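Structural description and commentary
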Amino acid sequence: MTENRYLEINPEVAAALAGKQAVVALESTIISHGMPYPQNVETALAVEKIVRDQGAVPATIAIIKGKIKVGCSRQEIAYLGQQGHSVAKVSRRDLPLILAQAQDGATTVATTMIAAGLAGIEVFATGGIGGVHRGAETTMDISADLEELANTPVLVVCAGAKSILDLALTLEYLETKGVPVLGYQTDELPAFFTRKSGFKIDGRLQNPQEAANTWLAKKHCGLQGGMVIANPLPPEYSLDFDYINENIEVALKEAEAQGIKGKEVTPFLLAKIQELTKGQSLAANIQIIYNNALLASLIAKEIVADE
């Protein structure tokens with residue numbers, strides 16, 4: 001890890017990395033843009049507790065006053081939650097300006113991967129990755145998450161790609177970039193709110209040890225980029241496939257009618273789906289991140305044990 005004037009690693013996280021302990025990166029967009037206050041702060045702190053309970057160290061990542069914080073304090077998490085949408089949603093293209101102007105920022109999957117890579121953290125738990133948006137053949141709306149997965153060596157545990165996306169094109173993009181998409185105890189890509197998608201993925205992993213071994217094989221062969229571990233949410237929280245797709249179609253039409261574009265599309269759609277499902281999608285979203293934080297912690301522990 002090289003010296004970086006914009007990078008501030010929490011002492012607990014730095015000590016864990018130096019001591020070869022398991023560390024799990026966590027994003028901050030879910031805090032500022034994913035759900036309302038105070039539920040966002042409560043959820044973020046609960047996720048950190050899940051990581052700690054498994055014997056790993058959480059590193060919630062955000063940008064505070066122009067510094068990339070790897071391991072936010074409770075006060076910083078509360079600040080991000082209280083500020084909500086007034087905190088910029090920061091992807092790769094936004095990062096230089098936000099840092100140079102000493103602004104605050106909530107990190108997306110792509111930016112969290114960048115920060116984790118800079119700090120030397122190999123495992124990251126999130127809700128769902130971004131991908132190729134529906135209609136991208138004309139809009140060219142493709143998430144920067146995919147390009148980051150192609151280039152940055154971080155293992156991402158997620159509930160697949162968000163079901164608002166074109167999942168077939170998302171998988172094609174990742175295949176082209178050489179990013180393994182592996183299912184945790186499943187052969188099918190989960191689609192965020194639902195365990196089903198109808199799309200087969202590259203392989204199945206039965207336990208955290210297999211996931212760690214696969215990551216280490218990729219790493220030690222010098223293969224570029226990241227890896228996706230697609231972890232379906234527990235069956236009791238999964239929404240019906242047809243029901244969620246019907247609501248997605250309604251939300252997409254409203255986004256088009258309102259002219260919502262670019263990085264505003266995903267938060268708009270998720271908020272609209274939450275409204276349409278009367279909060280069911282938010283409850284599922286919370287269980288998704290809990291479930292992924294648990295698995296990511298177990299994988300991170302296996303990685304450091306086998307290195």
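Report on the accompanying structure.

Rules used in this analysis
- Residues numbered from 1 in each chain as written.
- Predicted model: local features only at pLDDT ≥ 70, side-chain atom pairs only at ≥ 80, totals over all residues.
- Heavy atoms only, no water.
- Helix = DSSP H or I, 4+ residues; strand = E, 2+ residues; numbered from the N terminus.
- Rg over C-alpha atoms; globule rule 2.2 N^0.38 Å.
- Buried < 20%, exposed > 50% of the residue type's maximum accessible area, 1.4 Å probe, protein only.
- Contact = heavy atoms within 4.5 Å.
- Areas by Shrake-Rupley, 256 points an atom, 1.4 Å probe, with all protein chains shown as cover.
- Lys, Arg positive; Asp, Glu negative; His and termini not counted.
- Charge placed at Lys NZ, Arg CZ, Asp CG, Glu CD.
- Arc of directions from axis to C-beta.
- Polar contact = N/O pair within 3.5 Å; in protein donor to acceptor, adjacent residues only side chain to side chain.
- Phe/Tyr/Trp six-rings, centres within 6.5 Å; stacked < 30°, edge-to-face > 60°.
- Lys NZ or Arg CZ within 6 Å of the ring centre and 35° of its normal.
- Salt bridge = Lys/Arg side-chain N within 4 Å of Asp/Glu carboxyl O.
- Core = buried A, V, L, I, M, F, W, Y, C linked by side-chain atoms within 4.5 Å.
- Axes fitted to C-alpha atoms, helices over the stretch in contact; angles between N-to-C directions.
- Parallel < 35°, antiparallel > 145°, perpendicular 65-115°, else oblique.
- Left-handed = near helix turned anticlockwise from the far one by under 90°.
- Nonpolar A, V, L, I, M, F, W, Y, C, P; charged D, E, K, R; others polar.

1. What about the overall build of the protein chain?
- Per the secondary structure count, the protein chain includes 13 helices and eleven strands.
- Scaling as 2.2 N^0.38, a compact globule of 307 residues should have a C-alpha radius of gyration of about 19 Å, and the protein chain matches this with 18 Å.
- By its C-alpha atoms, the protein chain is 50 × 40 × 35 Å across when sized along the principal axes.
- Across the 307 residues in the protein chain, those meeting the buried criterion constitute 53%.
- Taking all contacts inside the protein chain whose residues are at least 6 apart in sequence as the whole, residues at least 24 apart take part in 74%.
- Surface summary for the protein chain: the accessible area is close to 13,200 Å², and the carbon and sulfur share equals 52%.
- Taking the 26 positively charged and 35 negatively charged side chains of the protein chain as two groups, their mean positions are separated by 4 Å.

2. Section: helix α9 (residues 167-176)
- Within α9, burial applies to Leu167, Thr170, Leu171 and Leu174. Take α9 and look down its axis: the buried residues cluster within an arc of 95°, on one side only.
- Elements in contact with the buried residues of α9: α8 (144-151) and β9 (181-184).
- The opening residue of α9, the one whose side-chain oxygen lies 3.3 Å from the backbone nitrogen of Ala168, is Asp166.
- Residue Gly178 follows α9 closely and has a positive phi angle near 75°.

3. Topic: the packing of aromatic side chains
- Tallying each qualifying case throughout the model produces one aromatic pair.
- In this arrangement the basic side chain of Lys65 is found over the ring face of Tyr79, its NZ or CZ atom lying 5.5 Å from the centre.

4. Structural notes on the pattern of salt bridges
- A complete count under the given rule lists eleven salt bridges for this structure.
- Ionic pairing is found between Glu12 and Arg52, a salt bridge with its closest N-O pair at 2.6 Å. In this pair, Glu12 is assigned in helix α1 (residues 11-18) and Arg52 in helix α3 (residues 39-53), connecting sequence segments 40 residues apart.
- Under the relative-accessibility criterion, Arg52 is labelled partly exposed at 39%.
- Measuring nitrogen to oxygen at the nearest pair gives 3.0 Å for the salt bridge that ties Asp187 to Arg204. In this pair, Asp187 is assigned in the loop between β9 and β10 (203-205) and Arg204 in strand β10, connecting sequence segments 17 residues apart.
- With a relative accessible area of 37%, Asp187 lands in the partly exposed category.
- Sharing partners across several salt bridges, the network here consists of Glu8, Lys69 and Glu76.

5. Observations concerning the nonpolar core
- Counting residues in hydrophobic clusters, the biggest one holds 59 residues, and the most contacted among them are Ile68, Val70, Ile121, Ile129, Leu149 and Val156.
- Considering every element that reaches this core, the biggest residue donor is helix α6 (residues 109-119), with six residues.
- Ile121 has contacts with Val13, Leu17, Val23, Val24, Ala25, Ala59, Val70, Ala116 and Val154, leaving out every residue within four places of it along the chain.
- Counting 42 residues, the second largest nonpolar core, distinct from the first, contains Ala22, Cys72, Val87 and Val123.

6. Describing the packing of α3 against helix α13 (residues 280-306)
- At a minimum axis distance of 8 Å, the contact between α3 and α13 shows a crossing angle of 25°. Here α3 lies roughly parallel to α13, going by the angle between them. Of the two possible hands of crossing, α3 and α13 adopt the one that is right-handed. Between α3 and α13, the contacting residues are Gln39, Thr43, Ala46, Val47, Ile50 and Val51 on the first element and Leu282, Ile286, Ile289, Tyr290, Ala293, Leu294 and Ser297 on the second.
- Among the residues forming the contact of α3 with α13, the class breakdown is ten nonpolar, three polar and no charged.

Remember, this is a structural readout, not a statement about activity or role.
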